[in-house]
Amino acid sequence: MNFRPLHDRVLVRRVVAEEKTRGGIIIPDTAKEKPQEGEVVAVGPGARDESGKLVPLDVKAGDRILFGKWSGTEIVLEGEDLLVMKESDVMGILDGAAGSAKKAA
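Since we're looking at a predicted model, the values are computed, not measured. (Residues numbered from 1 in each chain as written. Predicted model: local features only at pLDDT ≥ 70, side-chain atom pairs only at ≥ 80, totals over all residues. Heavy atoms only, no water.)

(A) View of the overall build of the protein. Scanning the protein from terminus to terminus reveals 0 helices and 8 strands. Along the chain direction, N to C, the helices and strands of the protein fall in the order β-β-β-β-β-β-β-β. (Helix = DSSP H or I, 4+ residues; strand = E, 2+ residues; numbered from the N terminus.)

(B) Local environment of the pattern of salt bridges. The full count for this structure, using the stated rule, is 6 salt bridges. One salt bridge connects Lys86 with Asp8, and the closest N-O pair in it is separated by 3.5 Å. Here Asp8 lies in the segment before β1 (9–14) and Lys86 lies in strand β7 (residues 80–86), a separation of 78 residues in the sequence. Overall, the relative accessible area of 14% leaves Asp8 in the buried class. (Salt bridge = Lys/Arg side-chain N within 4 Å of Asp/Glu carboxyl O. Buried < 20%, exposed > 50% of the residue type's maximum accessible area, 1.4 Å probe, protein only.)

(C) Geometry of the nonpolar core. If you look at the biggest cluster of nonpolar residues, it comprises 10 residues: Val10, Val12, Val40, Leu57, Val59, Ile65, Phe67, Leu83, Met85 and Val90. At the level of elements, β1, β5 (64–67) and β7 are the ones that each hand at least two residues to this core. When neighbours within four sequence positions are excluded, Leu57 is seen to be in contact with His7, Asp8, Arg9, Val10, Val43, Gly44, Gly46 and Glu87. Membership of the second largest hydrophobic core comes to 5 residues, among which are Leu11, Ala42, Leu77 and Leu82. (Core = buried A, V, L, I, M, F, W, Y, C linked by side-chain atoms within 4.5 Å. Contact = heavy atoms within 4.5 Å.)

Read these as layout, nothing more, since geometry by itself doesn't imply function.
So, in structure tokens, the structure goes:
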């Protein structure tokens, strides 16, 4: 994929939401909400502070993150639905979750 976010932006792939509830009830597609969890695909170099110094981002490619329901801009790259958002839209990083994420189709 040939996309590089600029400044303090990150490229995120949503993870697939669970198909069933804990009680075993299957959730139909029409009732599902888009997940607010994703995997960072790429990050920009960082933002500049008031003195012009580059401040690197706290997130990195491969991190599993949580973000707000209305965060980011949806884009399609090479047939894949992705989100571009500012690092400030990221609420937190899920430790120990990288690599175990199911990728959204």
